[in-house]
Amino acid sequence: MPQITARMKKLHPRNIHNQEYDFYQLIKASPNLANYITRTPSSQQTIDFANPSAVKALNAALLKHHYRVTDWNIPDGALCPPVPGRVDYIHYIADLLDSVEPDKSVRMLDIGTGTNGIYPLLASSVYDWECVATDISKASLDNVAKVLKSNAALKSRISLRLQHDKHKMFEGVVLPQEQFDISVCNPPFHASAEDALRGSQRKVANLNKGKAEPKSEPLLNFGGMENELWCNGGEALFLKKMIKESKQFASQIHWFTSLVSKAENLKPLSKLANKAGATDVKIIEMTQGKKQTRILAWTFQAIG
């Protein structure tokens, strides 16, 4: 039996990635992954997490083996999300909704699904939720549609909607009288392309720490196009706009949620949600390996 490695720690208790990656089973499900397997100094199997092709191959294998998502793919240069961390978000909001039963009816709205469509794919696979995925990029939605063509069961539960106004999050994609239990979002983190590039370079440098000096410029495995990784004002301004607009849809969406990468943004965003009239604001802490992140959740509806 081959060695296994890459342990993810402190994930949600229901997250199956709390265990080490079983590369034997992952390669069995997705043979392409075998092309990217390397060995640690202690002879354990792993991949080069600074190689974008290796990261994409690992994601495709995880999605196929654990979540029955076949033929998942993204264009070169697109944001490649870490599956263990993304499914953590889904598990935590299932707790928020008290909806861990697979047969419980839940409708989820994904703001900015990107080319990867990761949140609706995972939510529909794990909990059978009905999902609406939105994006301002038709090319991104076309790529998600291509993945859904190979996944009939998920296609019946996931619909795609193009947001024609890049300054709006909910208006134009939430239909009149339509109801959602929850919305999710992974907002653009950076304020510019230059900031995004520097951030990716820092991550790659951390991944390569202790390794021999590379002979060429490192590949940026994190990818991300405009509107996936950056926007004017970055995460803080994006979420301020979201909170202000969410008030208009207070009766149609029970819980609004978003990832918040920068801890210093939490206090002002929470205050803004309260000022907008939220009846409850929650901060859900998540730990994924060495990474600390959190979900900001707010609602305008009656509590209890």
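Everything in this summary refers to the structure shown in the same document. Remember, predicted model here, so these are calculated numbers, not experimental data. (Residues numbered from 1 in each chain as written. Predicted model: local features only at pLDDT ≥ 70, side-chain atom pairs only at ≥ 80, totals over all residues. Heavy atoms only, no water.)

## Topic: the packing of aromatic side chains
Overall, the coordinates contain 7 aromatic pairs when judged by the stated rule. The interplanar angle of 70° and the centroid separation of 5.0 Å between the aromatic rings of Tyr-89 and Tyr-119 together place this pair among those described as edge-to-face. Of this pair, Tyr-89 sits in helix 3 (residues 83-96) while Tyr-119 sits in helix 4 (residues 118-127), and the two are 30 residues apart along the sequence. Across the pair, Tyr-119 and Tyr-89 agree in class, each one buried. (Phe/Tyr/Trp six-rings, centres within 6.5 Å; stacked < 30°, edge-to-face > 60°. Helix = DSSP H or I, 4+ residues; strand = E, 2+ residues; numbered from the N terminus. Buried < 20%, exposed > 50% of the residue type's maximum accessible area, 1.4 Å probe, protein only.)

## Topic: the pairing of strand 7 (residues 253-260)
Burial analysis of strand 7 places 7 of its 8 residues in the buried class, the great majority of the element. In the sheet, strand 6 (residues 180-185) pairs with strand 7 via 3 bridges, with the strands oriented parallel. Opposite Phe-180, over in strand 7, you have Ile-253 as the bridge partner. Of the strand pairs in this sheet, strand 7 and strand 9 (residues 291-299) are connected by 5 bridges, and their pairing is antiparallel. Directly across from Phe-256, in strand 9, lies its bridge partner Trp-298. (Pairing = 2+ DSSP bridges.)

## Comments concerning the environment of His-91
Examined against the element boundaries, His-91 turns out to sit in helix 3. Its relative accessible area of 5% is what places His-91 among the buried residues. For the pair formed by His-91 and Asn-15, sequence separation is 76 residues and the distance between their alpha carbons is 7.3 Å. When neighbours within four sequence positions are excluded, His-91 is seen to be in contact with His-12, Arg-14, Asn-15, Val-126 and Tyr-127. (Contact = heavy atoms within 4.5 Å.)

## Some thoughts on helix 8 (residues 234-246)
Each turn of an α-helix holds 3.6 residues, which means side chains three or four residues apart point in the same direction. Helix length check: helix 8, at 13 residues, gives a terminal C-alpha distance of 18 Å against a target of 18 Å (1.5 Å per residue), a fit within 8%. Turning to helix 8, its buried residues are Gly-234, Glu-235, Phe-238, Leu-239, Met-242, Ile-243, Glu-245 and Ser-246. Along the long axis of helix 8, the arc covered by the buried residues comes to 165°, so they all point the same way. Buried residues along helix 8 sit against strand 3 (107-111), strand 6, strand 7, helix 9 (266-275) and strand 9. (Expected span 1.5 Å × (residues − 1). Arc of directions from axis to C-beta.)

## Observations concerning the pattern of salt bridges
Pairing is possible between side chains that carry opposite charge, provided their charged atoms lie close to one another. Applying the stated rule across the entire model yields 9 salt bridges. Residues Glu-178 and Arg-107 are paired through a salt bridge, measuring 3.1 Å at the closest nitrogen-oxygen approach. Linking Glu-178 in the loop between strand 5 (158-162) and strand 6 with Arg-107 in strand 3, this pair joins segments that are 71 residues apart in sequence. Across this residue pair, the class does not change: Glu-178 and Arg-107 are buried. Across the salt bridge formed by Lys-168 and Glu-171, the nearest N and O atoms sit 3.7 Å from each other. When its relative accessible area of 36% is taken as the criterion, Glu-171 is described as partly exposed. A cluster of three or more residues bridged by salt bridges with shared partners is formed by Arg-107, Glu-130, Arg-161 and Glu-178. (Salt bridge = Lys/Arg side-chain N within 4 Å of Asp/Glu carboxyl O.)

## Let's talk about the nonpolar core
Ranked by size, the top nonpolar core spans 51 residues in total, and within it Trp-72, Ile-90, Ile-93, Met-108 and Trp-129 carry the most contacts. Those residues in contact with Trp-129, other than ones at most four positions away along the chain, are Ile-90, Ile-93, Ala-94, Leu-97, Ser-99, Lys-104, Val-106, Met-108, Ala-123, Ser-124 and Arg-157. Counting residues in each nonpolar core, the second largest holds 26 residues, with Leu-109, Cys-185, Leu-239 and Ile-243 among its members. (Core = buried A, V, L, I, M, F, W, Y, C linked by side-chain atoms within 4.5 Å.)

## Thoughts on helix 3
Relative to the 20 Å expected for 14 residues at 1.5 Å per residue, helix 3 spans 20 Å between its end C-alpha atoms, a close match to the ideal helical length. Among the 14 residues that make up helix 3, 13 are buried, leaving the element largely enclosed by the rest of the structure. A positive phi of about 55° marks Asp-98, the residue just after helix 3.

## Focus: the side chain of Arg-107
A relative accessible area of 18% places Arg-107 in the buried class. One polar contact links Arg-107 to Glu-178, side chain to side chain, over a distance of 3.1 Å. In this structure the side chain of Arg-107 is engaged in a polar contact, spanning 2.8 Å, whose partner is the backbone oxygen of Gln-179. Leaving out residues up to four positions away in the same chain, Arg-107 has contacts with Glu-130, Val-132, Arg-161, Glu-178, Gln-179, Phe-180, Asp-181 and Ile-182. (Polar contact = N/O pair within 3.5 Å; in protein donor to acceptor, adjacent residues only side chain to side chain.)

Honestly, that's just the spatial picture; any functional story needs more than this.
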